[in-house]
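Fold and contact review
Each chain, written out:
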Amino acid sequence: MTDKRISYSKRSHGCGLLSRGDAGKKVELSGWVNSRRDHGGLIFIDLRDRHGLVQVVINPDGGGLFELAGSLRDEFVVKVTGSVSLRPEGTANPNIKTGEIEVIAEDIIILSSSKTPPFEINDDIPIDENLKLKHRYLDLRRKGTFKSFNLRHEVCQAARDFLNEHGFIETETPFLTKSTPEGARDYLVPSRVHPGHFYALPQSPQLFKQILMVAGFDRYYQFARCFRDEDLRADRQPEHTQIDMEMSFVDQESILAMAEDLMKRIFASQGVELTTPFKRLTYAEAVGRYGSDKPDLRFGLELVDIGRIVKGSGFKVFDSVLEAGGEVKGIRAPGCADFSRGKIEELTKAASIYGAKGLATIQILEDSQIKSPIAKFFSPETITQLIRELSAGPGDLILIVADKPSIVSESLGHLRLRLADELGLIDEEEYNFLWVVDFPMFEYDEEEKRYKAHHHPFTSPKEDSIARLEMDPISAVAWAYDLVLNGTELGGGSIRIHDQDVQRRVFNLLGIADEDIEAKFGFLVEALKYGAPPHGGMAIGLDRLVMLIAKKESIRDVIAFPKTQAAVCPLTGAPDEVDEKQLKDLGIKLK
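Quick summary incoming for the structure in this document. The structure displayed is predicted, hence computed values, not measured ones.

**Points about the sheet that holds strand β22 (residues 535-541)**
The eight strands are arranged β6-β9-β10-β22-β21-β20-β17-β11 in an open sheet whose pairing can be described as mixed. Two strands lie at the open edges of the sheet, namely β6 (169-170) and β11 (279-282), each paired on one side alone. In this sheet, strand β20 (residues 480-485) lies alongside strand β17 (residues 433-437) in antiparallel orientation, the contact comprising five bridges. From the neighbouring strand, L434 faces β20, where its bridge partner is V484. Helix α7 (residues 283-290) contacts β11 and β17 of the sheet and is inclined by roughly 90° relative to β11.

**A closer look at unusual backbone geometry**
A cis amide bond, omega 0°, links T276 with the succeeding residue P277. Locating P277 in the fold gives a position in the loop between α6 (252-268) and β11. For S391, which is not a glycine, the phi torsion comes out positive at approximately 55°. The residue S391 is located in the loop between α11 (380-389) and β16 (397-403) in this model. In this model, K449 sits at a positive phi of 55°, which is unusual for a non-glycine residue. Turning to its location among the elements, K449 is positioned in the loop between β18 (442-445) and β19 (450-453). On the basis of relative accessibility, which here comes to 55%, the residue K449 falls in the exposed class.

**Quick look at the nonpolar core**
It is characteristic of soluble globular proteins that their nonpolar side chains tend to be buried jointly. Formed by 44 residues in total, the largest nonpolar core has its most connected members in M245, M263, I266, F267 and F433. Sorting elements by how many residues they give to this core places α6 first, with eight residues. With residues up to four places along the chain from it excluded, the contact list for M263 reads L274, F278, F433, L483, L490, I540 and L545. Core analysis: the second largest hydrophobic core is formed by 32 residues, L207, F439, V484 and I497 among them.

**Describing the packing of helix α14 (residues 500-509) against helix α15 (residues 514-528)**
Contact pair α14 / α15: the axes reach a minimum separation of 11 Å and the direction vectors enclose 155°. With respect to α15, the element α14 is oriented roughly antiparallel. You can see that α14 and α15 cross each other, and the crossing is right-handed. Counted together, Q500, Q503, R504, F507 and N508 of α14 and D514, I517, E518, F521, L524, V525 and L528 of α15 form the full contact between these two elements. Taken together, the residues that form the contact of α14 with α15 break down as six nonpolar, three polar and three charged.

**A look at the environment of E102**
Along the chain, the position of E102 falls in strand β5 (residues 101-112). Through-space distance from the C-alpha of E102 to that of V84 is 5.8 Å; in sequence the pair is 18 residues apart. If we ignore the near neighbours within four places in the chain, the residues touching E102 are F44, Q55, V57, S83, V84, S85, L86, R87 and P88. Looking at E102, its side chain comes within polar contact range of the side chain of Q55, at 2.9 Å.

Reading the values: the criteria
Residues numbered from 1 in each chain as written. Predicted model: local features only at pLDDT ≥ 70, side-chain atom pairs only at ≥ 80, totals over all residues. Heavy atoms only, no water. Pairing = 2+ DSSP bridges. Helix = DSSP H or I, 4+ residues; strand = E, 2+ residues; numbered from the N terminus. Contact = heavy atoms within 4.5 Å. Axes fitted to C-alpha atoms, helices over the stretch in contact; angles between N-to-C directions. Buried < 20%, exposed > 50% of the residue type's maximum accessible area, 1.4 Å probe, protein only. Core = buried A, V, L, I, M, F, W, Y, C linked by side-chain atoms within 4.5 Å. Parallel < 35°, antiparallel > 145°, perpendicular 65-115°, else oblique. Left-handed = near helix turned anticlockwise from the far one by under 90°. Nonpolar A, V, L, I, M, F, W, Y, C, P; charged D, E, K, R; others polar. Polar contact = N/O pair within 3.5 Å; in protein donor to acceptor, adjacent residues only side chain to side chain.

None of the figures reported here should be taken as evidence of function without further support.
Below, the structure written as structure tokens:
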């Protein structure tokens, strides 16, 4: 806000918006008592609102006003009427925006008293998270916490401005919809007027936004609330917000270019200039070189395939893995040759969490001597070639995993992240964007013995994959893409299937019977019969985006009223029991 006055309010100015240019003006301020100081014959109050602090001075000749000011306590809500004055020479406070002025109080009205808060409204004091979330309204008064939400507002405004300028229409889609065969994590809502029937809260507006394209909306967006009943992590919540977009008559390049320009606009609103186009990796490259489909590229430590070097060496562990179609890969840990046995055992245990049966090591000492339990199985020439392949040198440590490709990638990928953190290789100030493209259409679920969609069943296969959908589903590549920032998936999307026959083929490959297609997706398949345009889109996780811009550790820090990792709201106590009458009206009986 550039205007110092507060429109439509019973106050004339924001506390933190006053400056020396306002000296001599009469003002009406309202806010919270941040602190009170008695200095002999004067009382000073720091008055706080969302705009900042201002010092209020109460003179002893104010009669009852001085006595009233002496009764004020922290977090009382007061209205102050007074005149702005320049502070006496030598008393200015350079640490606050209003540090050159003060307000000489002429009247004070107590609007609300306050109990002593359970914690200080102070950014410098750490607070237990459960206590903080239980009294979230107090935590939100803290300058640092509020700053994240002002940033969130600015990000939303920048995104809306950009999308509106480029012809997108903001449209809401239903919260009460239907569950799907893939909806195992749906939140279900019982219907009172249709006993035994349930709505599902949307995990995504996917089907509705596709139907809007069939309807000719051409370009749609919304800040969509989405719900998923899943195990929580630092970057997950049972409900989240995504910037959801869809476009007609586009290809993948069009959508990626639009998303890059959207990111440029958002980051520019925070004074950060991004360089485009963003780097791209195929899914196979990302997993093969970094052990993840959302790699952090702020540092190196790439996975290197050494299978061709060690193959046929006579080391049975490696040979048996390679003969079974597995991989042998390694990473270089720079300057870590002096790791102790205990530290290497710690890394081995960390790799085992992701399925690795062991972790082979080669320590290259400063005198270029080799210390390794597997060195005896290889010729000096093979060791030299292996070291050269990994670009290693004196002082470095090589870590090797041999196993199924998925286990090799996951275990070394996590070791890569752990080492980068421990070795201080990550530039926390950098914003490193990456597109991961060419995702597989399907993955095979060994437990359920069926194919599953890698993204979702509405993703279009690339043209050269359509012909072999039934013959070789695993080789099919999708028009799908994810946007990654600093190792966090910001969002993703795809070109959608707009041909009803291709959509049915994909449903059938996923084991969805015709009757289930009709029952769960009939409205979409029917819509595709009436002139569906080629279309595609994506969604950006707003909470994750703001978290990364604000450099916070958890999305809970940028959601006004978040749930804990146990999916509980400490403020309200949700989820909670309901009374028997409510259950009876819904036709539900609890066991």
